[in-house]
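So you can see what is in the structure, the chains are spelled out below.
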Amino acid sequence: MTILVTGGTGLLGVSFKKIVPNSLFPTRKEFDLSNPEQIKQYFEKIGKKNIDTVIHLAAFVGGVKANTE
């Protein structure tokens, strides 16, 4: 079973790596989640049939100032 986890460098993602270290944790440099073409290319590259589960932990985080604005 292969799990793909987005947001692997964030607070939750870093903790999640300790629980399922053999999962895929693509970075923003590998593909941009706001770009459908890049996502498609990534899945084609890794073989999307090999992915059983996607756990989406990625988020836009701007800190306290950005959140209050």
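Source: prediction; values computed, not measured. (Residues numbered from 1 in each chain as written. Predicted model: local features only at pLDDT ≥ 70, side-chain atom pairs only at ≥ 80, totals over all residues. Heavy atoms only, no water.)

1. Description of the packing of aromatic side chains
At step 1: For the structure shown, the criterion picks out 2 aromatic pairs.
At step 2: Plain terms: the ring middles of Phe-31 and Tyr-42 are 4.5 Å apart, the flat faces sit at 35° to each other, and that makes the pair tilted. With a gap of 11 residues between them, Phe-31 in the loop between α1 (11-19) and α2 (36-46) and Tyr-42 in helix α2 connect regions that are remote in the sequence. By the burial criterion, Phe-31 is buried, and Tyr-42 matches it.
At step 3: Look at Tyr-42 and Phe-43: their rings are 6.2 Å apart centre to centre, the planes differ by 85°, and that puts the pair in the edge-to-face class. (Phe/Tyr/Trp six-rings, centres within 6.5 Å; stacked < 30°, edge-to-face > 60°. Helix = DSSP H or I, 4+ residues; strand = E, 2+ residues; numbered from the N terminus. Buried < 20%, exposed > 50% of the residue type's maximum accessible area, 1.4 Å probe, protein only.)

2. As for the pairing of strand β1 (residues 3-6)
At step 1: With burial as the criterion, each face of β1 is covered, one bearing Ile-3 and Val-5 and the other bearing Leu-4 and Thr-6.
At step 2: Note that β1 and strand β2 (residues 53-56) share 4 bridges and pair parallel. Its bridge partner being in β2, Ile-3 is matched across the sheet by Thr-53. (Pairing = 2+ DSSP bridges.)

3. Overview of the environment of Thr-68
At step 1: If you trace the backbone, Thr-68 turns up in helix α3 (residues 63-68).
At step 2: Residue classification places Thr-68 among the exposed residues on the basis of a relative accessible area of 64%.
At step 3: Here the side chain of Thr-68 touches Lys-65 through a polar contact of 2.9 Å, landing on its backbone oxygen. (Polar contact = N/O pair within 3.5 Å; in protein donor to acceptor, adjacent residues only side chain to side chain.)

4. Let's talk about the environment of Gly-10
At step 1: Looking at the element boundaries, Gly-10 is found in the loop between β1 and α1.
At step 2: The sequence separation of Gly-10 and Ala-66 amounts to 56 residues, and the corresponding C-alpha distance is 17 Å.

5. Structural notes on the confidence of the model for the protein chain
At step 1: Across the protein chain, the average pLDDT comes to 88, with 99% of residues at or above 70.
At step 2: When the elements of the protein chain are averaged for pLDDT, α3 gives the smallest value, 78, and β1 the largest, 94. (pLDDT = per-residue confidence, 0-100.)

6. Brief notes about the side chain of Ser-23
At step 1: Of note, Ser-23 is situated in the loop between α1 and α2.
At step 2: Not counting the four nearest positions on each side in its chain, Ser-23 is found in contact with Ile-3 and Val-5. (Contact = heavy atoms within 4.5 Å.)

7. Thoughts on the environment of Ile-55
At step 1: For Ile-55, the location among the structural elements is in strand β2.
At step 2: The exposure class of Ile-55 is partly exposed, given its relative accessible area of 24%.
At step 3: With residues near it in sequence (within four places) discarded, Ile-55 still touches Ile-3, Leu-4, Val-5, Thr-6 and Phe-16.

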